[in-house]
Amino acid sequence: MKIQTLIAIAAAILTAAASFAQYAPSTWTHPGITMNSIELQEIRRRVQNNIQPQRASWDALVASNLSSLTYTDNARAVVECDKATSGGFTTDGMALYSLALRWYVSGNEAYARKAIDIMNRWSSRLTTIRARNLEADDYYNQHVLVTGWVGHHFAEAAEIIVHTYPGWQSYGFDFTRYKNMLTNIFYPNIDNGASENGNFEASCIQSILAIAVLTENAAMFNRGVSMARNEGGYGNGAGSIPGYICASTGQAQETCRDSTHTQMALGELVQAAEIAWKQGVNLYGAFPDGNGVPRLAKGLIYAAQLLRGQSKNTNDGCGSQFAKTSNNSPCGTLNWGTSPNLEFWEIAHNHYNVRQGRGYGDIDYIAVTESRPENVLRSQGEFAWASLTHG
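Everything quoted here is computed from the prediction, not taken from an experiment.

### What about the overall build of the protein chain?
Now for step 1: Assigned secondary structure in the protein chain consists of 16 helices and 4 strands.
Now for step 2: Taking the contacts inside the protein chain whose residues are at least 6 apart along the sequence as the reference set, 75% of them involve residues at least 24 apart.
Now for step 3: Approximately 15,100 Å² of the protein chain is accessible, and the part contributed by carbon and sulfur atoms is 47%.

If you want it as structure tokens, here you go:
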């Protein structure tokens, strides 16, 4: 084959790959991570008019230490993570997000300033986020998981403050330094996902997209969407929408492991889809089946049915490497029983049933009948106040 032909083929492949991965908007929507301006205004209106479920979730937020002016942060140079603790790192992420919401809904700038104080301390001190014990396989990538858990909260807190609080510059928020922290310390932990079960990579995807929006980083946004779609060779694909929801029935990679890890990953993908939606990309509707039901919705419906006590035959399409329990035995017929619901179902319900009117009854039941108000009681530090923001 002539060298000119090889060059032409290579150029064509590169051109196709470049056009394939362009998902970032030409104009960014701000605020635009999981809430835009209209939605924030509606949240405030509903709270002021005592409309449920927003009012109950708001009351819980106000009562929580996470939104208190006396909250003590944990900012430091080195964050070490293992399965048990991150030394307050995840709690600080939820606190930042809670303070930003409390500022916007109440209009009391003391809460915006409290959030700024914490953000400035973190960006002036943090140098490293790492695993606590690099010799132990169980802990090796915990810093990846934890960064994925909290990165979107750190990003969305700043997104709300910068785009709704007029006094952020005069009060002294070092926004440039903060963005550099997220880009240069958070992002390198999560840019390629992790080799573990899919909930690791799904956590990375939500935070990649959140940081990309805050920093208006098109390449990062394209990478996050590509990871969610299992395109471009980013990550290992286990946390992507078609990789995690690995069977056409909606069975997920960790369905046989337990309800908690399955819900974690599904919630992370829902939050990623919500962020992408705000910027004009429809991950919610990706990979529909022959009846037009998207793959993410299939996964949510399948999990919701298990949470409602239905039994499922789990040996139905994920392959033997996925149809396993935590002790690596075949799963067969599964019933989750009375497993707790994690706090993201309102976001899924709001999109599929409220925005789009799809009438997915199992999602509606879990979000509205069982989970309200969704606050922060059961999550690992990554889901917070969904009944306030998306109820």
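Now that the structure has been shown, the text picks up again.
### Section: unusual backbone geometry
Now for step 1: A cis amide bond links Q52 with the next residue in sequence, P53, at an omega value of 5 degrees.
Now for step 2: Within the secondary structure, P53 sits in the loop between α2 (37-48) and α3 (54-63).
Now for step 3: Residue P373 is bonded to the preceding R372 through a cis peptide linkage, with omega at -10 degrees.
Now for step 4: Position of P373 relative to the elements: it lies in the loop between α15 (361-371) and α16 (386-390).

### Quick notes on the confidence of the model for the protein chain
Now for step 1: Scored by pLDDT, the protein chain has a mean of 89; 87% of the residues are at 70 or more.
Now for step 2: Across residues 4-20 the pLDDT falls below 50, and counting only partners more than four positions away or on other chains, this stretch makes 3 contacts in the model.
Now for step 3: Counting interchain partners and residues more than four positions distant, the pLDDT-below-50 stretch residues 320-324 has 13 contacts.

### Focus on the packing of helix α4 (residues 89-106) against helix α5 (residues 109-125)
Now for step 1: It is at 7 Å that the axes of α4 and α5 come closest, and there the two elements cross at 150 degrees. One finds that α4 runs roughly antiparallel with respect to α5. For the pair α4 and α5, the crossing hand works out as left-handed. On α5, the residues that touch F89, D92, L96, L99, R102, W103 and S106 of α4 are E109, Y111, A112, K114, A115, I118, M119 and W122.
Now for step 2: Of the residues assigned to the contact of α4 with α5, the class counts are 10 nonpolar, 1 polar and 4 charged.

### Considerations on helix α13 (residues 295-307)
Every α-helix winds through 3.6 residues per turn, so residues three or four apart in the chain are directed the same way.
Now for step 1: An ideal rise of 1.5 Å per residue puts 18 Å on 13 residues; α13 measures up with 18 Å between its terminal C-alpha atoms.
Now for step 2: Of all 13 residues that make up α13, 13 are buried, and the element is covered over most of its length.
Now for step 3: In the segment just after α13, G309 is the residue with positive phi, at about 100 degrees.

### Concerning the side chain of E201
Now for step 1: Within the element layout of this structure, E201 appears in helix α9 (residues 198-215).
Now for step 2: It is R223 that comes nearest to the buried, bridge-free E201 among opposite-charge side chains, at 9.5 Å.
Now for step 3: A distance of 3.1 Å separates a polar atom in the side chain of E201 from the backbone nitrogen of G239.
Now for step 4: Ignoring any residue separated from it by four or fewer positions in sequence, one finds E201 in contact with N192, G193, A194, M227, G235, N236, G237, A238, G239 and S240.

### Quick notes on the packing of aromatic side chains
Now for step 1: Here the structure, examined in full by the defined rule, presents 16 aromatic pairs.
Now for step 2: The ring of Y302 carries the charged tip of K312 above its face, separated from the ring centre by 4.8 Å.

### A look at the packing of helix α12 (residues 259-278) against helix α14 (residues 345-355)
Now for step 1: As a packed pair, α12 and α14 sit with axes 9 Å apart at the nearest point and diverge in direction by 50 degrees. The orientation of α12 with respect to α14, classified from their angle, is oblique. Crossing hand, α12 versus α14: left-handed. On the side of α12, the interface is formed by Q263, V270, Q271, E274, W277 and K278, while α14 contributes W345, I347, A348, H351 and R355.
Now for step 2: The residue inventory of the contact of α12 with α14, partitioned by class, reads 5 nonpolar, 3 polar and 3 charged.

### Considerations on the pattern of salt bridges
Opposite charge on two side chains permits them to pair, given that their charged atoms come into close proximity.
Now for step 1: Counted according to the given criterion, the structure contains 18 salt bridges.
Now for step 2: The shortest N-O distance in the salt bridge between R372 and E346 comes to 2.7 Å. Taken as a pair, R372 in the loop between α15 and α16 and E346 in helix α14 lie far apart in primary sequence, 26 residues in all.
Now for step 3: Exposure remark for E346: the relative accessible area of 0% places this residue in the buried category.
Now for step 4: One salt-bridge network, held together by shared partners, links E39, E274, K278 and R355.

### What about the nonpolar core?
Most often, soluble globular proteins have nonpolar side chains that are buried together.
Now for step 1: With 120 residues, the main nonpolar core has F154, I161, Y178, F186, L296, L300 and W345 as its most contacted residues.
Now for step 2: Excluding residues that lie within four positions of it along the chain, F154 makes contacts with F89, D92, G93, L96, W122, Y178, M181, L182 and F186.

### Focus on the side chain of T215
Now for step 1: For T215, the location among the structural elements is in helix α9.
Now for step 2: You can call T215 buried: its relative accessible area is 18%.
Now for step 3: Residues in contact with T215, not counting those within four places in the same chain, are K179 and T183.

### A short note on α2
Now for step 1: In this model α2 runs 17 Å from its N-terminal to its C-terminal C-alpha over 12 residues, within 8% of the 16 Å that 1.5 Å per residue would give.
Now for step 2: All of the buried residues in α2 are L40, I43 and V47. The arc that holds every buried residue of α2, seen down its axis, measures 55 degrees, which confines them to one face. Facing away from the buried surface of α2 by more than 90 degrees, the exposed residues are I38 and Q48.
Now for step 3: Contact partners of the buried residues in α2: α3, α4, α6 (142-164) and α16.
Now for step 4: Looking at where α2 begins, the residue whose side-chain oxygen comes 3.2 Å from the main-chain nitrogen of I38 is N36.
Now for step 5: At the exit of α2 stands N50, carrying a positive phi of roughly 55 degrees.

About the criteria used
- Residues numbered from 1 in each chain as written.
- Predicted model: local features only at pLDDT ≥ 70, side-chain atom pairs only at ≥ 80, totals over all residues.
- Heavy atoms only, no water.
- Helix = DSSP H or I, 4+ residues; strand = E, 2+ residues; numbered from the N terminus.
- Contact = heavy atoms within 4.5 Å.
- Areas by Shrake-Rupley, 256 points an atom, 1.4 Å probe, with all protein chains shown as cover.
- pLDDT = per-residue confidence, 0-100.
- Axes fitted to C-alpha atoms, helices over the stretch in contact; angles between N-to-C directions.
- Parallel < 35°, antiparallel > 145°, perpendicular 65-115°, else oblique.
- Left-handed = near helix turned anticlockwise from the far one by under 90°.
- Nonpolar A, V, L, I, M, F, W, Y, C, P; charged D, E, K, R; others polar.
- Expected span 1.5 Å × (residues − 1).
- Buried < 20%, exposed > 50% of the residue type's maximum accessible area, 1.4 Å probe, protein only.
- Lys, Arg positive; Asp, Glu negative; His and termini not counted.
- Salt bridge = Lys/Arg side-chain N within 4 Å of Asp/Glu carboxyl O.
- Polar contact = N/O pair within 3.5 Å; in protein donor to acceptor, adjacent residues only side chain to side chain.
- Phe/Tyr/Trp six-rings, centres within 6.5 Å; stacked < 30°, edge-to-face > 60°.
- Lys NZ or Arg CZ within 6 Å of the ring centre and 35° of its normal.
- Core = buried A, V, L, I, M, F, W, Y, C linked by side-chain atoms within 4.5 Å.
- Arc of directions from axis to C-beta.

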